Amino acid sequence: MDIDIILKIAGIGILIAIVNQILKHCGKDELATFTTIAGVIIVFLLVLNMMSDLFYEIKNIFGLY
């Protein structure tokens, strides 16, 4: 497992947390919620891409076409 994906997810999480706190402090609670949801979707897409690669590799290993 690459450490790069873990660092990407952690970086996205830290960035979203900082933006979320700034927006909440400014009174933009709705926008803070949307940025949190956007961060979750981005991380979900990264994990989904990794799972797709994993299933492709499993198919190649076992010769399933």
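Below is a summary of the structure that appears in this document. Since the model is a prediction, treat every value here as computed from it, not as a measurement.

About the thresholds
Residues numbered from 1 in each chain as written. Predicted model: local features only at pLDDT ≥ 70, side-chain atom pairs only at ≥ 80, totals over all residues. Heavy atoms only, no water. Helix = DSSP H or I, 4+ residues; strand = E, 2+ residues; numbered from the N terminus. Expected span 1.5 Å × (residues − 1). Buried < 20%, exposed > 50% of the residue type's maximum accessible area, 1.4 Å probe, protein only. Contact = heavy atoms within 4.5 Å.

1. Thoughts on helix α1 (residues 3-25)
- Here α1 contains 23 residues, and its C-alpha end-to-end distance of 33 Å stays within 8% of the 33 Å for a straight helix at 1.5 Å per residue.
- Among all positions of α1, only I5, I16, N20 and L23 are buried.
- One or two residues past the end of α1 sits G27, with phi positive at roughly 90°.

2. Topic: the side chain of N20
- Structurally, the position occupied by N20 is in helix α1.
- When sequence neighbours within four positions are dropped, the list of residues in contact with N20 reads A32 and T36.

3. Observations concerning helix α2 (residues 29-62)
- Counted at 1.5 Å a residue, the expected span for α2 with its 34 residues is 50 Å, and the 50 Å between its end C-alpha atoms agrees.
- Along α2, the residues classified as buried are A32, T35 and G39.
- Following α2 by one or two positions, G63 has its phi on the positive side, about 70°.

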